[in-house]
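# Structural overview for review
Okay, here's what each chain looks like letter by letter:
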Number of protein chains: 2
Amino acid sequence: MTPEALDALVEGVARGDRRSLAKAITLVESTRADHRVFAQDVLERLLPRTGKGARIGITGVPGVGKSTFIETFGLFLVERGHRVAVLAVDPTSSLSGGSILGDKTRMPELAVSEGAFIRPSPARGSLGGVAAHTREALLLCEAAGYDVVLVETVGVGQSEYVVASMVDFFLLLLLPGGGDELQGIKRGILELADGVAVNKADGESRSLAGRTVAEYQGALHLMRGGGTGWEPPVIEVSALERRGVDTVWAMIEKHHAELGARGDLERKRADQRHHWFKGLLDAGVRAHFLDRRDVVLALVQAERDIDAQRITPTAAALRVLALLDR
Amino acid sequence: MTPEALDALVEGVARGDRRSLAKAITLVESTRADHRVFAQDVLERLLPRTGKGARIGITGVPGVGKSTFIETFGLFLVERGHRVAVLAVDPTSSLSGGSILGDKTRMPELAVSEGAFIRPSPARGSLGGVAAHTREALLLCEAAGYDVVLVETVGVGQSEYVVASMVDFFLLLLLPGGGDELQGIKRGILELADGVAVNKADGESRSLAGRTVAEYQGALHLMRGGGTGWEPPVIEVSALERRGVDTVWAMIEKHHAELGARGDLERKRADQRHHWFKGLLDAGVRAHFLDRRDVVLALVQAERDIDAQRITPTAAALRVLALLDR
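Report follows, based on the coordinates. Just so you know, these numbers come straight off a predicted model, no measurement behind them.

### Details of the overall build of chain A
For chain A, the helix and strand inventory stands at 14 helices and seven strands. Here the C-alpha radius of gyration of chain A, 22 Å, is about what a compact globule of 326 residues would show, namely 20 Å. With the C-alpha coordinates of chain A rotated into their principal frame, the extents come out at 65 × 55 × 40 Å. Counting every position in chain A, which comprises 326 residues, the buried fraction comes to 55%. Relative to all contacts within chain A whose residues are 6 or more apart in sequence, the contacts with residues 24 or more apart total 74%. Surface accessibility of chain A: about 13,600 Å² in total, with carbon and sulfur atoms responsible for 55%. In chain A, the 40 positive side-chain charges and the 43 negative ones have mean positions that sit 4 Å from each other.

### Remarks on the nonpolar core
Ranked by size, the top nonpolar core spans 113 residues in total, and within it A:Leu140, A:Cys141, A:Leu190, B:Leu140, B:Cys141 and B:Leu190 carry the most contacts. With nine residues, the top contributor of residues to this core is helix 7 (residues 127-143) of chain B. Excluding residues that lie within four positions of it along the chain, B:Leu190 makes contacts with A:Met223, B:Leu172, B:Ile185, B:Val196, B:Tyr216, B:Leu220, B:Met223 and B:Arg224. Counting 36 residues, the second-largest nonpolar core is a separate cluster that includes A:Leu281, A:Leu290, A:Val320 and B:Leu299.

### Here we look at the interface of chain A and chain B
On the chain B side, the residues contacting the 62 residues of chain A number 62 residues. Surface buried jointly by chain A and chain B totals about 5,500 Å² across both partners, of which 62% is contributed by carbon and sulfur atoms. Interface area lost by chain A to chain B is led by A:Arg187, A:Leu222 and A:Phe277, which between them contribute 13%. Taken together, chain A and chain B are joined by two salt bridges. Two residues, A:Arg286 and B:Asp282, come together in a salt bridge whose shortest N-O distance is 3.2 Å. Viewed at the interface, chain B and chain A are joined by eight residue pairs in polar contact (both at pLDDT 80 or more). Broken down by secondary-structure element, the contributors of at least two residues to the side of chain A that touches chain B are helix 3 (33-46), helix 7 (127-143), helix 9 (189-192), helix 10 (206-223), helix 12 (264-290), helix 13 (293-307) and helix 14 (313-321) of chain A. Broken down by element, the side of chain A that touches chain B gets its largest block of residues, 14 residues, from helix 12 of chain A.

### Quick look at the relation of the copies chain A and chain B
Structural alignment of chain A on chain B gives an RMSD of 0.1 Å, achieved by rotating through 180 degrees and translating 0.0 Å along the axis. Such a combination of turn and shift is consistent with a two-fold rotation axis. Closest approach to the rotation axis within chain A is made by the C-alpha atom of A:Ala219, at a distance of 2.1 Å. Counting the interface residues of chain A, we find that 100% of their copies in chain B are interface residues as well, pointing to one common contact surface.

### Description of the environment of B:Lys268
Residues and elements named next belong to chain B. With respect to the helices and strands, lysine 268 occurs in helix 12 (residues 264-290). Between the C-alpha atom of lysine 268 and that of serine 165, which follows or precedes it by 103 residues, the distance is 9.2 Å. In contact with lysine 268, not counting residues within four places along its chain, are Val167, Asp168, Asp194 and Leu259.

### A few points about helix 1 (residues 3-14) of chain A
All names here are of chain A. In this model, helix 1 (twelve residues) spans 16 Å end to end at C-alpha, consistent with the 16 Å of a helix rising 1.5 Å per residue. The complete set of buried residues in helix 1 reads Leu6, Leu9, Val10, Gly12 and Val13. Projection of helix 1 onto a plane perpendicular to its axis shows the buried side chains occupying an angular sector of 160 degrees, all on one side. Looking at helix 1, the residues exposed on the side facing more than 90 degrees away from the buried face are Pro3, Glu4 and Glu11. Those residues of helix 1 that are buried lie in contact with helix 2 (18-29), helix 3 and helix 7.

### Quick notes on unusual backbone geometry
Of note, the phi angle at A:Lys200 is positive, near 60 degrees, even though the residue is not glycine. Within the secondary structure, A:Lys200 is located in the loop between strand 6 (195-198) and helix 10.

### Some words on the sheet that holds strand 4 (residues 148-153) of chain B
All names here are of chain B. In spatial order, the strands read 3-2-4-1-5-6-7; together these seven strands make up an open sheet with parallel pairing. Where the open sheet ends on each side, the last strands, each with one partner, are strand 3 (116-118) and strand 7 (234-236). Each strand axis lies, on average, 25 degrees off the axis of its neighbour in the sheet, ignoring direction. Bridge count between strand 1 (residues 54-59) and strand 5 (residues 169-174): four bridges; the pairing is parallel. By the bridge assignment for strand 5, threonine 59 is matched with leucine 172. Each of strand 5, strand 6 (195-198) and strand 7 is contacted by helix 10 (residues 206-223), which is oriented at about 175 degrees to strand 7, the strand it contacts most.

### Describing helix 4 (residues 66-79) of chain B
Helical periodicity: at 3.6 residues per turn, an α-helix aligns residues three or four positions apart in one direction. Residue and element names in this part refer to chain B. A rise of 1.5 Å per residue sets the reference length of helix 4, with its 14 residues, at 20 Å; its end C-alpha atoms lie 20 Å apart and thus fit the reference within 8%. For helix 4, a buried count of eleven out of 14 residues is recorded, marking the element as mostly surrounded by other parts of the structure. All of the buried residues along helix 4 are Lys66, Ser67, Phe69, Ile70, Glu71, Thr72, Phe73, Gly74, Leu75, Phe76 and Leu77. The elements touched by buried residues of helix 4 are strand 1, strand 2 (84-89), helix 6 (108-111), strand 4, strand 5 and helix 11 (245-262). Looking one or two residues beyond helix 4, the residue adopting positive phi is glycine 81, at roughly 95 degrees.

### Concerning the pattern of salt bridges
Residues and elements named next belong to chain B. Throughout the structure, instances matching the rule amount to 38 salt bridges over all chains. In this structure, aspartate 41 and arginine 45 form a salt bridge, with 3.3 Å as the shortest nitrogen-oxygen distance. You can see aspartate 41 and its partner arginine 45 sitting in helix 3 (residues 33-46), four residues apart, about one turn around the helix. Look at arginine 45 and you get partly exposed, because its relative accessible area is 35%. For the salt bridge of lysine 254 with glutamate 258, the shortest nitrogen-to-oxygen distance reads 3.4 Å. Of this pair, lysine 254 and glutamate 258 are both found in helix 11, four residues apart, which corresponds to roughly one turn of the helix. Using a relative accessible area of 27% as the deciding quantity, one classes glutamate 258 as partly exposed.

Calculation rules
Residues numbered from 1 in each chain as written. Chains lettered and ligands numbered in written order. Predicted model: local features only at pLDDT ≥ 70, side-chain atom pairs only at ≥ 80, totals over all residues. Heavy atoms only, no water. Helix = DSSP H or I, 4+ residues; strand = E, 2+ residues; numbered from the N terminus. Rg over C-alpha atoms; globule rule 2.2 N^0.38 Å. Buried < 20%, exposed > 50% of the residue type's maximum accessible area, 1.4 Å probe, protein only. Contact = heavy atoms within 4.5 Å. Areas by Shrake-Rupley, 256 points an atom, 1.4 Å probe, with all protein chains shown as cover. Lys, Arg positive; Asp, Glu negative; His and termini not counted. Charge placed at Lys NZ, Arg CZ, Asp CG, Glu CD. Core = buried A, V, L, I, M, F, W, Y, C linked by side-chain atoms within 4.5 Å. Buried area = accessible area lost by both parts, 1.4 Å probe. Salt bridge = Lys/Arg side-chain N within 4 Å of Asp/Glu carboxyl O. Polar contact = N/O pair within 3.5 Å; in protein donor to acceptor, adjacent residues only side chain to side chain. Least-squares fit on C-alpha atoms with pLDDT ≥ 70 in both. Expected span 1.5 Å × (residues − 1). Arc of directions from axis to C-beta. Pairing = 2+ DSSP bridges. Axes fitted to C-alpha atoms, helices over the stretch in contact; angles between N-to-C directions.

Okay, structure coming up:
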């Protein structure tokens with residue numbers, strides 16, 4: 001890319017041009033070495049324009065109505081004058097060629113809305129790689145003037161943790177019903193939530209949804225113990241009947257205001273940047289050492305000896321680390 | 001140490017001699033390079049004798065009655081013919097010179113019992129160091145014939161995670177009362193528990209304890225979602241009145257039997273050994289690189305640039321990692 005083309009790209013994103021934004025995200029997702037240099041240059045120049053969006057993560061098991069929720073919620077926000085970007089972290093998309101959000105027909109109205117920008121999950125690489133690209137796509141969306149960025153995850157592997165580590169507010173969608181097979185939420189996920197919405201609170205399920213709300217309110221209260229600060233609300237929503245999304249938004253705005261007033265929002269984001277940096281650094285250092293042929297062989301032998309309980313993990317680690325000075 | 005002295009030490013531990021066990025633990029805790037070599041030799045020779053104990057972690061906020069519980073529970077087990085070792089992970093003990101368990105008067109009866117062995121938290125080093133020493137002390141206790149090993153933590157920092165990562169069963173002690181200031185349990189801890197005991201279920205608090213049990217049963221059920229496998233029971237206990245410790249033991253035995261029958265117990269321990277090894281390895285590799293003077297300077301500059309948002313964490317990490325090849 002010529003310097004002029006890069007200038008034009010930066011300018012295009014800054015002015016909110018959708019094609020420039022899409023092109024910049026593609027650049028960020030590229031694995032070509034020269035593209036990575038260009039991408040970081042573009043990001044560096046756009047960084048001063050970032051940080052003004054509300055960053056919202058959304059998770060829930062398949063069948064909870066995530067697509068319908070995002071469609072309804074997104075349209076509600078667009079109607080109120082917001083510009084809404086929708087991203088996704090789906091580590092399975094590299095297998096399926098984009099399983100979630102690949103098809104914009106999942107959110108037909110939002111997809112054609114002038115105020116919305118929908119981007120499927122980056123399809124390449126590990127969860128860490130997908131996450132890094134999504135983090136940078138999020139910054140580009142903010143730079144392009146999208147003041148609400150929704151990051152969706154299907155909840156495969158550790159993807160909820162990864163999404164929670166890049167957003168201000170993490171929303172868990174649940175179905176009406178107890179903590180049974182229907183919910184299928186993994187251990188640890190409820191802990192991540194800044195708010196819970198019980199979706200499909202419509203028709204015959206409405207009274208069940210009310211009971212579910214009460215149950216989870218109790219559980220979350222106990223889980224947080226005596227902690228001060230934000231206590232995650234639990235509310236009911238019917239994305240289908242377009243009911244409750246205003247309450248979801250009010251909850252997120254309240255959270256934003258409370259954290260902002262205490263300086264906690266900026267602190268949270270600074271921590272997230274710090275962890276992102278540390279994670280990349282650790283992975284890089286590990287890869288540099290652990291990809292060495294002699295180290296790989298030593299690792300295999302060490303794991304065998306540990307499994308057979310011929311050696312303690314401490315002794316095994318010391319043995320492999322002795323190779324560092326060679 | 002002479003080879004003969006090492007032989008005698010290994011033999012002493014194997015025959016259950018308390019002084020040999022204490023000496024071997026001291027060796028494991030030593031930071032002297034030659035001691036570390038001896039310690040790993042001793043451990044390696046004793047490894048075939050390990051693995052037969054029930055490894056139980058115990059946590060709870062100050063005031064929950066941990067000492068009384070361990071005293072009552074330990075004596076109950078000794079009376080039934082078990083040999084009980086009590087260890088602790090207390091990262092604050094390096095400051096206070098041993099704040100928990102340093103004083104055996106906390107458990108006066110258990111401390112003088114023939115069937116029990118009480119060892120304070122290693123007082124030196126970081127949480128990681130304390131944990132490594134405690135893991136190895138646990139193996140030595142098993143080799144010495146202690147078939148129940150209790151690992152206590154006061155819950156400072158990440159110490160609950162560390163203890164949970166070395167035991168088969170993690171027991172959370174709570175007070176009668178709701179999820180209010182009284183409990184003071186940290187976010188994430190309830191998720192770690194394999195069982196919960198509401199202590200001090202005596203006198204006027206007894207009916208409150210019953211309500212607390214019901215509340216936490218509901219919360220834990222919801223938290224686990226539709227997961228199969230072990231669902232953590234919640235029971236009430238009065239360590240003071242020596243009531244309920246039999247139920248605690250029955251719960252732990254049931255857990256042990258269920259996990260053992262599915263092969264999950266051996267899998268859990270193998271995973272723990274693997275993570276212990278990986279953790280030491282990662283820490284060693286990181287230290288080797290990150291302690292270099294040029295890298296430290298680059299890190300400081302990188303953190304500054306990230307904080308000022310002059311650069312993305314990705315670009316900052318790439319810049320520091322470029323030093324690896326120099």
